[in-house]
Amino acid sequence: MVKPFLMGSDSAENYLDIGLKILREKGTALDAIEQTCRAVESNPDDHGVGLGGIPNLAGEVTLDASIMCGRTLGAGSVAHIKNYLHVITLARKVMDDSPHVLLVGDGAELFAEYNGFKKTKLLTPYAEEFYNAFKEKRLHELGPEYDQDKGYLREDEQDYDTGTWFNLLEPHMRGTVNVMAMDINQNIATAVTTSGTYLKLPGRVGDSPIIGAGNYCDNRYGAACCTGTGELAIRNGTARAVVAYMKMGMGPTEACEESMKEIQEIVEIPTMNVIAFNRDGETGGASTYREILYYYMDHDSVKVENRKGAWVKK
Ligand code: GLY
């Protein structure tokens, strides 16, 4: 029998003990990952998740999240949420109490209101200052690659050099959080929560709430979750692919590497990460662009363990 454990991506490392306490008390993997994600969502200094997320080009913070149960293959997701903080709990409510998997925008917010969720202002003074600084930073050297996107932008947004801006933002980026666990009953669950790409086009939704792209698990084989450029995980069905590779006999690291190779094949300089574990409790991770660390705690841990994934280079 595998002892209960949980693991997570960057941003989760300081909060895994919350989920571990639940697992140690014989709680469920679903409760452990949900409570861990809620803590990350509440951190205003994390600018890629929940409160304090960096807004989109229209100045709105929009949140996406998903949760999945490996025992039933039940799943719940929400996307483009503007007024509610704990989107992971809202996603769980969709899974537990609705006949659907994915709710978006106004309908999802109506579902939140109906279920008694408290409205929260997500834009913090820091994130607002960031956005205002972005608006003042008008550069006039647009590359032709941006021309096709211009039609989506308001007139006063059309002259931003987003490439330069993203370079300025990079040191501040923490991004999406993945939390995955196995409990004492050997049930697996996975969760992803995010405010998505900084300064994204209004309406953009990434991989985090897309079951099979950013999040997937199955008690029989294992679990996988993604961070990075969500469009790539959507195009490749990355999380589902990694679980399928584990079903076919690959170990978690090999399965993660294989999925990152697929992404390397379609994009010149991809920025994608995936972490995974199998039903035997073996863990792995891979990235297309960096030395990826992920974070692990099990029933006997006294502190968070940093584990290194593979850097898949072209
Ligand atoms: N991976 C998170 C996103 O692209 O929104």
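Residues numbered from 1 in each chain as written. Predicted model: local features only at pLDDT ≥ 70, side-chain atom pairs only at ≥ 80, totals over all residues. Heavy atoms only, no water.

## Focus: the site of the ligand
Right, on to step 1. Around the ligand sit Thr176, Gly196, Thr197, Arg204, Gly206, Asp207, Ser208, Gly228 and Gly230, and those are all the residues in its vicinity.
Right, on to step 2. Here an oxygen atom of the ligand sits 2.6 Å away from a polar atom, N or O, in the side chain of Arg204.
Right, on to step 3. Asp207 places a side-chain nitrogen or oxygen 2.7 Å from a nitrogen atom of the ligand.
Right, on to step 4. Considering the ligand on its own, with 200 Å² of exposed area, one finds that the protein chains cover 98% of that surface.
Right, on to step 5. Of the residues contributing to the shell around the ligand, the split by class is no nonpolar, 7 polar and 2 charged. (Near = heavy atom within 4 Å. Polar contact = N/O pair within 3.5 Å; in protein donor to acceptor, adjacent residues only side chain to side chain. Areas by Shrake-Rupley, 256 points an atom, 1.4 Å probe, with all protein chains shown as cover. Nonpolar A, V, L, I, M, F, W, Y, C, P; charged D, E, K, R; others polar.)

## Quick word on the sheet that holds strand β7 (residues 215–218)
Right, on to step 1. Judged by pairing direction, the sheet is mixed, and its 5 strands sit side by side in the order β7-β8-β9-β10-β13 without closing on themselves. Taken across any chain shown, the strands that pair with only one partner, and hence form the sheet edges, are β7 and β13 (310–311).
Right, on to step 2. Across the sheet, helix α9 (residues 238–247) is in contact with β7, β8 (222–228) and β9 (272–278); its angle to β8 comes to roughly 145 degrees. (Pairing = 2+ DSSP bridges. Helix = DSSP H or I, 4+ residues; strand = E, 2+ residues; numbered from the N terminus. Contact = heavy atoms within 4.5 Å. Axes fitted to C-alpha atoms, helices over the stretch in contact; angles between N-to-C directions.)

## Focus: the confidence of the model for the protein
Right, on to step 1. When pLDDT is averaged along the protein, the result is 90; 87% of the residues meet or exceed 70.
Right, on to step 2. Between residues 138–153, whose pLDDT stays under 50, and residues either more than four places distant or in other chains, the model counts 21 contacts. (pLDDT = per-residue confidence, 0-100.)

## Concerning the sheet that holds strand β2 (residues 63–69)
Right, on to step 1. Reading across the sheet, the 8 strands line up as β4-β3-β2-β6-β5-β1-β11-β12 and stay open at both edges, with mixed pairing between neighbours. Of all the strands in the sheet, just β4 (102–104) and β12 (305–308) have a single pairing partner and so form its edges. The mean angle between the axes of side-by-side strands here comes to 15 degrees, regardless of whether they run parallel or antiparallel.
Right, on to step 2. Its contacts with the sheet place helix α2 (residues 29–41) against β1 (5–8), β2, β5 (177–182) and β6 (188–194), and it is angled at close to 15 degrees to β6.

## A few points about the pairing of β8
Right, on to step 1. With respect to burial, β8 is a largely interior element, 6 of its 7 residues being buried.
Right, on to step 2. Where β7 lies against β8, 4 bridges are found, and the strand directions are antiparallel. Each bridged residue has a counterpart across the sheet, and for Asn215 the counterpart in β8 is Cys225.
Right, on to step 3. Where β7 folds back on β8, the antiparallel hairpin that results is connected by 3 residues. (Buried < 20%, exposed > 50% of the residue type's maximum accessible area, 1.4 Å probe, protein only.)

## Structural notes on empty space enclosed by the protein
Right, on to step 1. Per the counting criterion, the structure on display carries 1 cavity of 30 Å³ or more.
Right, on to step 2. Along its surface, the largest cavity is lined by Ser9, Asp10, Asn178, Cys225, Thr227, Asn273, Val274, Ile275, Arg290, Ile292, Leu293 and Tyr294.
Right, on to step 3. When contributions to the lining of the largest cavity are tallied by element, the ones reaching two or more residues are β8, β9 and β11 (293–298).
Right, on to step 4. With 3 residues, β9 is the single largest residue contributor to the lining of the largest cavity.
Right, on to step 5. Considering only residue class, the lining of the largest cavity consists of 6 nonpolar, 4 polar and 2 charged. (1 Å grid on protein atoms, 1.4 Å probe; cavity = no way out; pocket = protein on both sides within 12 Å on 5 of 7 lines; lining within 4 Å. Points joined across faces, edges and corners; volume = space filled by probe spheres on them.)

## Describing the side chain of Asp64
Right, on to step 1. Mapped onto the elements of the fold, Asp64 is located in strand β2.
Right, on to step 2. Salt bridges are absent for the buried Asp64, whose nearest opposite-charge side chain, Lys200, sits at 4.8 Å.
Right, on to step 3. From its side chain, Asp64 meets the backbone nitrogen of His80 in a polar contact 2.9 Å long. (Lys, Arg positive; Asp, Glu negative; His and termini not counted. Salt bridge = Lys/Arg side-chain N within 4 Å of Asp/Glu carboxyl O.)

## So, the packing of helix α1 (residues 16–24) against α2
Between two packed helices, what matters for the description is the angle formed by their axes and the separation of those axes.
Right, on to step 1. Between α1 and α2, the least distance of the axes is 8 Å, while the angle of their chain directions is 155 degrees. Put simply, α1 runs roughly antiparallel to α2. The chirality of how α1 crosses α2 is right-handed. Between α1, through Leu16, Ile18, Gly19, Ile22 and Leu23, and α2, the contact on the second element is made entirely by Ala29, Asp31, Ala32, Gln35, Thr36 and Ala39. (Parallel < 35°, antiparallel > 145°, perpendicular 65-115°, else oblique. Left-handed = near helix turned anticlockwise from the far one by under 90°.)

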